[in-house]
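Understanding the architecture of this molecule
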Amino acid sequence: MSVKTWIRDDVAPEQRTWEQFYRNRWQYDKVVRSTHGVNCTGGCTWNIHVKDGIVTWEMQGLDYPMLEHGLPPYEPRGCQRGISYSWYLYSPLRVKYPYARGALVDLWESARQQYDDPVEAWESLVTNPESRKRWQKARGKGGFRRASWDTVLEIMAAANIHTAKTHGPDRIAGFSPIPAMSMISYAGGARMLQLMGGLALSFYDWYCDLPTASPEAWGEQTDVHESADWYNAKMLAVMGSNLNMTRTPDCHFAAESRHNGTKMYVFAPDFNQVAKYADEWMPINAGQDGAWWMAANHVILKEFHHEKQTPYFIEYGKQYTDGPLLVELHKDEDHYEAGQLLRANRLEQYADQENGDWKFLMWDEEEKTTKMPMGSVGYRHAEEKGKWNLLLKDGLTGSEIKPALTLLDSHDGEALVRFDDFGEGVSTTRSVPTKRIATPDGEVLVTTVYDLLMAQYGVPRGLSGEYPEDYNDTEKAYTPAWSEKYTGLSRDNVIKFAREWATTAEHTNGKCIIIIGAGINHWYHGNLMYRAGIQALMFCGCVGVNGGGLAHYVGQEKLAPGESWGAIAFGKDWYAPSRLQNAPSWHYVNTDQWRYEKSFTDYHTVPPNQPEGSVATGHTMDVQVRSVRNGWMPFYPQFNKNPIDLANEAAAATGSEEEEDVVNYVVDQLKKKELKFSVEDPDAEENWPRVWYIWRGNALMSSSKGHEYFLKHYLGTHNNQISDDTFAKDTVDEVVWHDKAPEGKMDLVVDLNFRMDTSALYSDIVLPAATWYEKADLNSTDLHSFIHPLSQAVPPCWESKSDWEIFKQIAKKFSELAEKHFPDPVPDIVATPLAHDTPAEIAQPAIKDWINGEIEAIPGKTMPGLKVVHRDYKNLYKQYISLGPLVRESGIGAHGTRYDVDDFYDEMLVTGTTQNWGGMTYPSIEDDEDTCNAILRLASVTNGELAYRSYKNMEEKVGLPLADLVEKSRDFRVSYKDLQAQPRRFVNSPMWSGLVTDGRAYSPFTYNVEKLVPWRTLTGRQHFYLDHPGYIQLGEHVPTYKPKPLPSQYADIHFTNEEAKSMMLNYLTPHGKWHIHSTYGDNHRMTTLSRGVEPFWMNDHDAAEIGIEDNDWVEVYNDHGVVVTRSCVSARIPRGVCIQYHSPERTYSVPKSPLRGNRRAGGHNSLTRTRLKPNFLMGGYGQFTFHFNYWGPIGSNRDTHVLVRKLPELKW
Amino acid sequence: MDIRSQISMVFHLDKCIGCHTCSIACKNIWTDRKGTEYMWWNNVETKPGGGYPTQWEDQEKYQGGWTNENDKLRLKSTGKGRIVANIFHNPHQPTMDDYYEPWTYKYEDLFNAPEGDDQPTAMPISMVTGEYIDIEAGPNWDDDLGGSPVYAEHDYNLNGLTDEQRAQLFAIERLVFFYFPRICNHCLNPACVASCPSGALHKRGEDGIVLLDQNRCRGWRSCIAACPYKKTYYNWQTGKSEKCILCFPRVESGQAPACFHSCVGRIRYLGVLLYDADMIDEMARKPDEELVDAQRDMIMDPHDPRIIAAARANGIADDVIKSAQRSPVYKYVKEWGLALPPHIEYRTMPMLFYVPPMLPVVSSMDGDSVKSMAEGIFPDFDKARLPMEFLGNLLAGKNTSKVRYALKKEMAVRHYRRALTVGDIDMEVAQKLLVEADSSVEEAEEIYKLTSLCTFDQRFVIPPAHREEAIQMTRDPLEFKQSVGFGFREDPSRGA
């Protein structure tokens, strides 16, 4: 037989007609552009194929506009998860109709027979402990009943009215994460709640994705490179970020940059997916990346800053960092302590400076004198405009400054300063060069930030003190040899790495990128690890250049058209201020997790001999209470009284409805302790949150660190935690103690969902949400610079509706019921924390508590701000669908920018649909698409004219030309339909720190570096040094290494008995391959390509030791709860750690747990609980000032330990 | 000389993310039906690993591909005389255990469970029986070294490695894996076609796509045994076998196959190769280590006037020849020698080629610390974590020099680009490395661009299909235009 015979040409063409079988399949009727509104930061453009009216499959769109020459294109974007989405639409997991818990429906129906008024019916149910308990204990246990939209809308509206009336609207909460992924859907719920006076819970910090080191160093939530800019880097250090897993559509830029000569290091304890690309894989011990960077910085400083003073690095440090600023040293017995930055007004010549407490000093190495550089926060919030910039000029005299980074060449003395080595638990003293500065109050001793760093990093420069001998000194922090004991990596490697790093930066002016993420940020001390890495970037001039900087990717925080979206989402077009709650504090307090731990210093190492009133002692809950009282962090409910009643009470008591009188009354009541903050007694019934809306997220599973505590204290249903809720009893001071912790605080939990996930399963009402192929919405991300639409490929299936539509319906019913219950507008007193980007950044130069009489109680300065808002509940629905007048009157902005939009608002009245009521006409935002267009029209990134105005506004503050950045695109406009036609790239805007002109890849802080606009920090510069008094107390004023909490200190296994053949492991929950958090994980494609469950990955030797083989069922347990899943035994996991990828559902394939009485086992968060690091509770001081999702404690959970054993018996 | 046109593929393994988007793109469109659940026309394997179906590379077990017996090619599974003898029972068929039993969950229980004293959960059920299933296998079970002591440690390509190499491969010093995406290789010497008793399999003349006729197939399953890559599958619903069709309906309309289109790692290339079909038989009989070169020898220069003339003589259209001249596959395979065929020792002459991955450098234990053994900016490819023999077994008929050649060139290109863009490597040194790697500055630039900057149109150079000519053979194209799509859709059924 000739091998050629099977090559069939055209010998029998009719025989090939069968090919139509497959050709018929590849046919479709319509293709629609959409994307996935999921929390992955992908923001990929997809073509949704519709055939016979059914969505059949999705394929990636390929039509991204190209960026500049020499960069790989973005096409295609979209991963294995996204491409499996169409399964959900018609799957048996789809929520097609409204569902309600049967027990609640029965009670509701009988109550409605008794009460004609739904609000009275609801009241009868929730005030009866027995009936309330009835549906609470049924939560999560089946018994759903299909309900009509009318019924569920009535229940929700009645619950809202009742709660607002009885307890206060600040007991109605909403949680929806990461608006950028589907911003209109987020805005729906947020808007309804804000108009009502309810609260929005933050997400970025709660997910532990907020890299607190970013606000610490830069005053910026996060700003990062679009992924194309990785390609510009010449050295990539990837750590705590598994690009294949989490940056699937972007990963190619890293791979491709290697072929362009880029070197790539990967740091990971396990051989993870991205390690395959590494030139060198560094199997670093889990959570020890900080030690690596501290040692790398030691080498960089020694070789590239001291022995050789690399000109680019030195000049960069002078202009863009706080390195040259002067720090006060205080004598303490035989040594000195580093203190705060020396304030300008301490010097005679600057004594009269406006905001002189908030301006700082440098030593001019040529003129040999002190100078006061411009650009600090004191200039930002001054009456005198135009000096908030980074020109090296004195703010008073205008003279040039030649800053001395170090005083080594011009010092008039040396001082032995104490430094802490927290790893070894010892203090050392090292000399720094000093100067004596004359002030009217006498001489002060100063050094520079840079000199303090040299000493802290242990760089020997011929000064006295306990400096290391050389790199091989294993005892003295932070030498390469020192780092070995933490990192498990050879000193030779860190030396080689540091040299390659700095050499690359030297040759390329800073083209080194750290790609970093959850694998590091989720540790309790994640900020320190980040900060050490950030300093390596700052030392080598890598920040603010293309191809250089910190690329932190976790949590899709970049909502590009932020100004107009924020106005709509938080109802700022109708009312100010909004109620924005940092979720970590809220959950820590309200789920009573604080009751299960003692002093944070049990696991958090701080310097010895803390001063009186230090924030570095005691219980986290005490710092939390202090934080709220002093206005550092928000907390809702605000007070132990209904804020509406309180406003009415104030008016009655003072005989005045004037805001000032009402506020004074409230302050007075607080001072007299007649009125209390809810946070001071969170377990008292009057302080419970009552109604909770969850949408677009899985608040009860994926993100609920301490899931079982949520089940217990929020839901009042069965749970598997066995810890002791009186653990904190003798440790807390600032909080009222109840011996019995309340269970079941929530009256009603509502979930909007397209699938039956864990949150839906445990909610009282489940509402059918439209999928991402069934609604109009917008999507943006930090991984690229395009804005995407979500579109209707098919109408919302079955009885589902878009989120915007659902909340509109709830608002409508609410307004109907309000006709009777709130016929007139009501006053609502709103407490707000001191806010970033406002003059509150210069409110509190020192920590002083008004409650102790240390300082006057002044709202908005020494305590929360207080405002009275008059809510018009009857017209809430009309407000919801109308773009309100405040945007027209006051303009909009974000991140400290502002611009007018009145002409565009008026244009919308002419060209668009309108709402007419109460004698006024408003642009309509009734439909999803209207809202998309309103956002696009009024945002600076999608309307070049508004970007221009915003730059013009910034020019006044900065005093330098900026508007040229958008001159070329001043006529840029984009509509929803434009986005459906092709992805559009946004334009430069002062809201963001990167520049995108002419296809340039977005790199953060290039705006600051090139246009000399200050960072939004205390000094306006990038911060090495954090001189907040709290940071000094915590020993984190200088970059440092702190040891991981030990399992015994962390008390995860305090009450748990270790079963035979168990092993203790550090429990890691990184992002996984087959899901985006919990979405897709339950999807048929993903379960098939994985193992049908989210398995428990462990090392093969560890497994053998306790008799576990691959795919055995295992039981994983600690005080917090239990997980039962299959093992996945692999050599790629190091010994002593285990991985369960975030985040499995407990809704499928979860057996029962013998260790917990054969109850259904939980999900990954059944084994966690959260701890708040107290540093992040500080406020009212430079970059340490609250902003929603921007500054505040984060929900860390990675230091958790668990026990694992082979499951003795499989039970379903 | 018999010049033929073949659509061929290159997968750049160095860029592969292992995301499996390709697999799902394919599944969504082609194998989401009853009877096809377990078919993964495109799958992605972790190497080292067992693959899908389990241990498919082990032809001792499966008897796929060809052997050279006395300078004659013979199908291992069914020598010519044995096709009929084995027609009702082929002893080397993979069984359900080698694949997996498809499953889903009783999701309905989450909605319908009555109120009880504990939380309901959706239990796993078999898609074959509808009963509860204990899930013990899947199409990607050992992904990312999952179950490495059971699967990775028995990778077929570890044959010939020393015990020490094997042990270290699963210790921190050498631990490594990479991804290996697979589709039908649309071979020049396809065993599946040769084995079919019904003549249902054929290789399309115009583009070389190997198809399985859904009318003629009788479900004998000889192809399943014969294909050494296990890329034909039996549809238990229709009683016919099916395989990757290289998305011919898409290719015919100028679109890349779905798995190519969706490749978010941008690792895939597709283009025409012109080859001399007269050489197949001779070349397929060469010794193992000569097979890579033999296959390359059959691939002809599309710029050579003699080849162009011969192609024209065979009816290959001018625009197809032009397409061949732009083919990225030609560059990777023939011009640059960077892309290598999988298990060419099976002698089916696969027309899918792989660029070997550059993997991290080995380490050693330095006391309690791990020490990476790199010297210089980029590690020596001979010190990569995976022994060269492994890649030789997988991609070069054990001829490791072919792998080394490719890796050396890849690395030289990196050095050159670094010298150019950073300057901490001396340009003279970089150019010397290029010469040593049998390359040049000009070639390095080309390799760099096609590897890193490639656009969709550069990765996929799809030849025009000239469907009008194919249609004309059976119908008037105008009439076809007017009536295409009218009629009733019918599933192929047994006995059609």
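Quick look at the structure, then. Predicted, not measured: the structure shown is a model, and the values here were computed from it. (Residues numbered from 1 in each chain as written. Chains lettered and ligands numbered in written order. Predicted model: local features only at pLDDT ≥ 70, side-chain atom pairs only at ≥ 80, totals over all residues. Heavy atoms only, no water.)

1. Quick word on the overall build of chain B
What counts, and what does not: Here a helix means four or more residues in a row that DSSP labels H or I, a strand means two or more in a row labelled E, and each is numbered from the N terminus. Within these notes, the globule rule equals 2.2 Å times the number of residues to the 0.38 power, and the radius of gyration is based on C-alpha atoms. Whether a residue is buried, partly exposed or exposed follows from its accessible area with a 1.4 Å probe, protein chains only, as a fraction of its type maximum: under 20%, in between, or over 50%, in that order. Should any heavy atoms of two residues lie within 4.5 Å, those residues are considered in contact.
Tallying secondary structure elements over chain B gives 21 helices and 16 strands in all. For 496 residues, the compact-globule estimate of 2.2 N^0.38 gives 23 Å, and the C-alpha radius of gyration of chain B, at 24 Å, lies within 12% of that figure. The principal-axis extent of the C-alpha atoms belonging to chain B is close to 75 × 70 × 50 Å. Split into buried and exposed, the 496 residues of chain B put 65% on the buried side. In chain B, of all internal contacts separated by at least 6 residues, the share reaching a separation of at least 24 is 70%.

2. Some details on the pairing of strand β2 (residues 43-47) of chain B
Residue and element names in this part refer to chain B. We count it as follows: Here, any two strands with at least 2 DSSP bridges between them count as paired.
Along β2, five of the five residues are buried, which leaves the element largely enclosed by surrounding structure. Neither face of β2 is left uncovered, since the one carrying N43, E45 and K47 and the one carrying V44 and T46 both have all their residues buried. With five bridges connecting them, β2 and strand β7 (residues 178-182) associate as antiparallel partners. Note on β7: the bridge partner recorded for K47 is F178.

3. Notes on the packing of helix α14 (residues 328-335) of chain B against helix α18 (residues 441-453) of chain B
Residues and elements named next belong to chain B. How we decide: Note on geometry: axes are C-alpha line fits, over the in-contact stretch for helices, and angles between N-to-C directions span 0 to 180 degrees. Each angle receives one of four descriptions, namely roughly parallel if under 35 degrees, roughly antiparallel if over 145, roughly perpendicular if within 65 to 115, and oblique otherwise. Crossings are assigned a handedness: left-handed for a near helix turned anticlockwise from the far helix by less than a right angle, right-handed for a clockwise turn. Think of it as three bins: nonpolar holds Ala, Val, Leu, Ile, Met, Phe, Trp, Tyr, Cys and Pro, charged holds Asp, Glu, Lys and Arg, and polar takes everything else, Gly as well.
At a closest axis distance of 12 Å, the pairing of α14 and α18 adopts a crossing angle of 130 degrees. On the basis of their axis angle, the class for α14 and α18 is oblique. Here the hand of the crossing between α14 and α18 comes out left-handed. Residues P328, K331, Y332 and E335 of α14 touch α18, and the partners they reach there are E443, E446, I447, L450 and T451. Here the residues of the contact of α14 with α18 sort into four nonpolar, one polar and four charged.

4. Digging into the interface of chain A and chain B
Just so we agree on the cut-off: Any Lys or Arg side-chain nitrogen located within 4 Å of an Asp or Glu carboxyl oxygen qualifies as a salt bridge.
If you look at the interface, chain A gives 133 residues, while chain B gives 146 residues. Counting across the chain A and chain B interface gives 17 salt bridges. B:D32 serves as the salt-bridge partner of A:R1085, at 2.8 Å between the closest nitrogen and oxygen. At eight residues, the largest contribution of residues to the side of chain A that touches chain B is made by helix α16 (residues 491-508) of chain A. Classifying every residue of the side of chain A that touches chain B by side-chain character gives 55 nonpolar, 38 polar and 40 charged.

5. Quick look at helix α31 (residues 944-958) of chain A
Residue and element names in this part refer to chain A. Stated precisely, the cut-off is as follows: Expected helix span is given by 1.5 Å per residue-to-residue step, counting one fewer step than there are residues.
Between its terminal C-alpha atoms α31 stretches 20 Å, which fits the 21 Å expected from 15 residues at 1.5 Å a residue. Here α31 lies mainly inside the structure; twelve of its 15 residues are buried. Buried within α31 are the following residues: G944, E945, L946, A947, Y948, R949, S950, Y951, N953, M954, E955 and V958. Tucked inside the fold, the buried residues of α31 contact α29 (902-911), α30 (928-938) and α33 (1006-1011).

6. Describing empty space enclosed by the protein
Residue and element names in this part refer to chain A. For clarity, the threshold we go by: Lining residues are those with an atom within 4 Å of a point, where the points come from a 1 Å grid over the protein atoms alone and group into cavities, where a 1.4 Å probe fits but cannot get out, or pockets, open sets with protein on both sides within 12 Å along at least five of seven lines. Grid points are joined across faces, edges and corners, and a volume is the space filled by probe spheres set on the points.
When its volume is computed, the largest cavity comes out at roughly 470 Å³. As for the largest cavity, its lining consists of 35 residues, and the residues nearest its centre are P177, R696, G697, N698 and T1079. Its residues assigned to classes, the lining of the largest cavity shows ten nonpolar, 17 polar and eight charged. The computed volume of the second largest cavity comes to approximately 370 Å³. Secondary structure elements with two or more residues in the lining of the second largest cavity: α9 (243-246) and α17 (518-521). Per-element tally for the lining of the second largest cavity: the top contributor is α17, with three residues. Residues of the lining of the second largest cavity, tallied by class, amount to 15 nonpolar, eleven polar and three charged.

7. Looking at unusual backbone geometry
Cis peptide bonds are those with omega within 30 degrees of zero, and the linkage from A:Y636 to A:P637 qualifies with 0 degrees. Omega for the bond connecting B:Y52 with B:P53 falls within 30 degrees of zero, at -5 degrees, which places this linkage in the cis form. Relative to the helices and strands, B:P53 is located in the loop between β2 and α2 (59-62). Positive phi outside glycine occurs at A:N1189, with the angle close to 65 degrees. For A:N1189, the location among the structural elements is in the loop between β38 (1159-1160) and β39 (1201-1206).

8. Structural notes on the sheet that holds β39(A)
Within a sheet, each strand pairs with its neighbour through backbone hydrogen bonds, oriented either parallel or antiparallel. Residue and element names in this part refer to chain A. One closed barrel holds the six strands; their spatial order is β32-β36-β33-β35-β34-β39, and the pairing between them is mixed. Across the sheet, the axes of successive neighbouring strands diverge by a mean angle of 45 degrees, strand direction being ignored. Where strand β34 (residues 1113-1118) meets strand β35 (residues 1121-1129), six bridges bridge the pair, whose relative direction is antiparallel. Bridged to N1118 within β35 is G1121.

9. As for the pairing of strand β10 (residues 232-235) of chain B
All names here are of chain B. Burial along β10 is two-sided: the face carrying T232 and Y234 and the face carrying Y233 and N235 are both buried. Relative to strand β11 (residues 240-243), β10 runs antiparallel, the two sharing four bridges. Looking at the pairing, Y233 lines up with E242 of β11. Connecting β10 to the antiparallel partner β11 that follows it, the hairpin turn spans four residues, and G239 within it adopts a positive phi of roughly 75 degrees.

10. Structural notes on the packing of helix α3 (residues 102-114) of chain A against helix α4 (residues 118-126) of chain A
All names here are of chain A. The N-to-C vectors of α3 and α4 enclose an angle of 125 degrees; their axes lie 9 Å apart at closest approach. In terms of axis orientation, α3 runs oblique to α4. The two elements α3 and α4 cross, and the hand of that crossing is right-handed. Between α3, through L104, L107, W108, A111 and R112, and α4, the contact on the second element is made entirely by P118, A121, W122, S124 and L125.

11. Quick notes on the environment of A:R1021
Residues and elements named next belong to chain A. We count it as follows: Whenever two N or O atoms come within 3.5 Å, that pair is a polar contact, provided that in protein one can donate a hydrogen and the other can accept it, and provided that, for residues adjacent in sequence, both atoms are side-chain atoms.
As for its placement among the helices and strands, R1021 is situated in the loop between α33 and α34 (1029-1034). Residue R1021 is classed as buried on the basis of its relative accessible area of 1%. Expressed as a C-alpha distance, the spacing of R1021 and V377, which sit 644 residues apart in the sequence, is 9.7 Å. Among the polar contacts made by the side chain of R1021, one reaches the main-chain carbonyl oxygen of M374 at a distance of 3.4 Å.

12. As for the environment of A:A147
Residue and element names in this part refer to chain A. Inspection of the secondary structure assignment puts A147 in the loop between β6 (144-146) and α6 (149-166). On the basis of relative accessibility, which here comes to 13%, the residue A147 falls in the buried class. Note: C-alpha distance between A147 and M908 (761 residues apart in sequence) is 39 Å. Aside from chain neighbours lying at most four places away, what touches A147 is P98, Y99, A100 and V152.

13. Observations concerning the pattern of salt bridges
Residue and element names in this part refer to chain B. Applying the stated rule across the entire model yields 130 salt bridges over all chains. With its nearest N and O atoms 3.7 Å apart, the salt bridge here joins R467 to E252. Pair noted here: R467 is in helix α20 (residues 467-472) and E252 is in the loop between α8 (248-251) and α9 (258-261), with a separation of 215 residues, a long-range link. Taking relative accessible area as the criterion, R467 reaches 21% and is therefore assigned partly exposed. Residue classification places E252 among the buried residues on the basis of a relative accessible area of 14%. The closest approach of N and O atoms between E375 and K383, which form a salt bridge, is 3.6 Å. The exposure class of E375 is exposed, given its relative accessible area of 62%.

14. Topic: the state of the cysteines
Residues and elements named next belong to chain B. So the rule is basically this: Only a pair of cysteine sulfur atoms within 2.5 Å qualifies as a disulfide here.
Taken as a whole and assessed by the stated rule, the structure comprises zero disulfides over all chains. Here C19 stays unpaired: no disulfide links it, and the sulfur of C22, its closest cysteine neighbor, is 6.0 Å away. Its relative accessible area of 9% is what places C19 among the buried residues. Looking at C187, it has no disulfide partner, and the nearest cysteine sulfur is the one in C184, 6.1 Å off.

15. Quick word on the sheet that holds strand β10 (residues 263-267) of chain A
All names here are of chain A. As summarised here, the arrangement of the five strands in space is β11-β10-β9-β19-β20, forming an open sheet in which the pairing is parallel. If you trace the sheet from one side to the other, it starts and ends with β11 (280-282) and β20 (549-552), each paired once. Going from strand to strand, the sheet's axes swing by 20 degrees on average, the running direction of each strand aside. Taken together, the five bridges between strand β9 (residues 235-239) and β10 define a ladder with parallel strand orientation. What sits directly across from V238, in β10, is V266. Lying on the sheet, helix α11 (residues 289-307) is in contact with β9, β10, β11 and β19 (512-516); it crosses β9 at an angle near 150 degrees.

Function cannot be inferred from these measures alone, as they are strictly geometric.
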